[in-house]
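# Structure assessment
The residues making up each chain are set out below.
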Amino acid sequence: MRKIDIIEALKSYLELEKESGTYEYALGRMFKMDLKEKPGESQTLDELKKEVSRCRSCDLCKTRKNVVFGSGNPHAKLMFIGEAPGKDEDIQGLPFVGRAGQLLTKIIEAMGMKRDDVYIANILKCRPPENRAPLPAEILACSGNVRRQVAMIRPKVICTLGKFASQTLLKTETPITALRGKFLEYPAFNLTSGGIPPERDRRRDNGIKVMPTFHPAYLLRNPQDKKLVWEDMKKIKKEISK
Ligand code: SF4
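Residues numbered from 1 in each chain as written. Predicted model: local features only at pLDDT ≥ 70, side-chain atom pairs only at ≥ 80, totals over all residues. Heavy atoms only, no water.

## So, the overall build of the chain
Counting secondary structure elements, the chain contains eleven helices and six strands. In the chain, the proportion of contacts linking residues at least 24 apart, taken out of those at least 6 apart, comes to 73%. Just so you have it, the chain exposes about 12,900 Å², and 54% of that area is on carbon and sulfur atoms. (Helix = DSSP H or I, 4+ residues; strand = E, 2+ residues; numbered from the N terminus. Contact = heavy atoms within 4.5 Å. Areas by Shrake-Rupley, 256 points an atom, 1.4 Å probe, with all protein chains shown as cover.)

## A look at empty space enclosed by the protein
Which parts of space are left empty comes out when a probe the size of a water molecule is rolled across the atoms. By the definition in use, this model includes one cavity of 30 Å³ or more. Considering only enclosed or pocket space, the largest cavity measures out at about 110 Å³ in volume. Taken together, 14 residues line the largest cavity, and the ones lying closest to its centre are Cys55, Cys58, Arg64, Cys126 and Cys142. A total of three residues in the lining of the largest cavity trace back to one element, the largest contributor, which is helix α6 (residues 136-153). A breakdown of the residues in the lining of the largest cavity according to their chemical character gives nine nonpolar, two polar and three charged. (1 Å grid on protein atoms, 1.4 Å probe; cavity = no way out; pocket = protein on both sides within 12 Å on 5 of 7 lines; lining within 4 Å. Points joined across faces, edges and corners; volume = space filled by probe spheres on them. Nonpolar A, V, L, I, M, F, W, Y, C, P; charged D, E, K, R; others polar.)

## Remarks on the confidence of the model for the chain
Per-residue confidence for the chain averages 84 on the pLDDT scale, and 76% of its residues sit at or above 70. Low confidence marks residues 193-204, where pLDDT is under 50. Its contacts with residues over four positions away, or in another chain, come to 23 contacts. (pLDDT = per-residue confidence, 0-100.)

## A short note on the pairing of strand β2 (residues 78-82)
Within β2, five of the five residues are buried, leaving the element largely enclosed by the surrounding structure. Residues Leu78, Phe80 and Gly82 line one face of β2 and the alternating positions Met79 and Ile81 line the opposite face, and both faces are buried. Inspection of the sheet shows β2 paired to strand β3 (residues 119-122) by four bridges, in the parallel sense. By the bridge assignment for β3, Gly82 is matched with Asn122. (Buried < 20%, exposed > 50% of the residue type's maximum accessible area, 1.4 Å probe, protein only. Pairing = 2+ DSSP bridges.)

## Re the environment of Gln43
Structurally, Gln43 is set in the loop between α2 (23-30) and α3 (45-53). A residue is classified by how much of its surface remains accessible, and Gln43, at 49% relative accessible area, is partly exposed. When the C-alpha positions of Gln43 and Arg148 are compared, they lie 9.4 Å apart, and in sequence the two are 105 residues distant.

## Regarding unusual backbone geometry
One non-glycine residue, Asn131, adopts positive backbone phi at about 60°. Take Asn131: it is sitting in the loop between β3 and α6. With a relative accessible area of 47%, Asn131 lands in the partly exposed category. Its identity is not glycine, yet Arg154 carries a phi of approximately 50°, on the positive side. Of note, Arg154 is situated in the loop between α6 and β4 (157-161). Given a relative accessible area of 17%, Arg154 falls into the buried group.

## Digging into the site of the ligand
Residues in close proximity to the ligand include Val52, Cys55, Ser57, Cys58, Leu60, Cys61, Arg64, Lys125, Cys126, Ala141 and Cys142, which together make up its full environment. Given that more than half its atoms are within 2 Å of the pocket grid, the ligand belongs to the largest cavity. Here the residues of the shell around the ligand sort into eight nonpolar, one polar and two charged. (Near = heavy atom within 4 Å. Sits in = over half its atoms within 2 Å of the grid points.)

## A closer look at the sheet that holds β3
Within a sheet, neighbouring strands are paired by backbone hydrogen bonds and run either parallel or antiparallel to one another. Read from one edge of the open sheet, six strands run β1-β3-β2-β4-β6-β5, paired in mixed fashion. Of all the strands in the sheet, the pair left with one neighbour each is β1 (71-72) and β5 (184-185). Along the sheet face, helix α7 (residues 162-170) touches β2, β4, β5 and β6 (209-213) and points at about 135° away from the line of β4. (Axes fitted to C-alpha atoms, helices over the stretch in contact; angles between N-to-C directions.)

## Examining the packing of α3 against α6
Between α3 and α6, whose axes approach to 10 Å, the crossing angle comes to 170°. When the axes of α3 and α6 are compared, the pair comes out roughly antiparallel. Touching Leu45, Leu48, Glu51 and Val52 of α3 are Asn145, Arg148, Gln149, Met152 and Ile153, all from α6. A class-by-class count of the residues in the contact of α3 with α6 yields five nonpolar, two polar and two charged. (Parallel < 35°, antiparallel > 145°, perpendicular 65-115°, else oblique.)

## A closer look at the nonpolar core
Core analysis: the biggest nonpolar cluster contains 31 residues, and Ile81, Tyr119 and Ile158 have the highest contact counts within it. At the level of secondary structure, the elements contributing two or more residues to this core comprise α3, β2, β3, α6 and α7. (Core = buried A, V, L, I, M, F, W, Y, C linked by side-chain atoms within 4.5 Å.)

## Points about α6
Here α6 spans 26 Å end to end across 18 residues, near enough to the 26 Å set by a 1.5 Å rise per residue. The sharpest bend along α6 comes to roughly 35°, located at Cys142. Of all 18 residues in α6, 16 are buried, a share of seventy percent or more. (Expected span 1.5 Å × (residues − 1). Bend = angle between axes of the 7 residues up to and from the residue.)

Here is the structure:
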């Protein structure tokens, strides 16, 4: 295909996306970046928490009761990252405190740790109404926050819980059934903002491994797959104890 044809095709595509209201999302996906993600001024997790607690970058700020920033050990070797707060989390302002959260707590304890030993967060910091799936605009507006949390905590391993968190952090459309159970490299482009020196930003091998696994809410509906998650947890335990 000639270059001019490619440019024309690209222009038409972007016009269509602009009309449908998904322009920025399309650009973000095409260039594998978050256009609204910008380096924040916060240099510590506490500063970032204050910054995010005031956030009004998407419409979820209108319906939330609380911003659910994340909780746990700011120096954790292991981070769990899920999709978005649910009803209980929205009320309490804490991540994973409902039924799925109780199962996550049991999983952490079965690994020989406490919740305070790890750090738990979600991609979205505010609850989508009726627990609906996050919208592309919300992901675009919010995913920079969790990346900044990762950049500040610098865990050894991130365990992404479920399809949504796994696909968002790894910027892939591979199904969770194919992603889970294997360590993947945390993409270097995720470490481009917030709280870490620039020379560390540029390191390609950032030393952070990602283990995608099933979401605890899925396990509540499909308990037969708990054994698969346990296999993933054993791999994580071995990795963080090295
Ligand atoms: S979901 Fe994220 S981007 Fe949207 S208002 Fe809440 S903190 Fe801000």
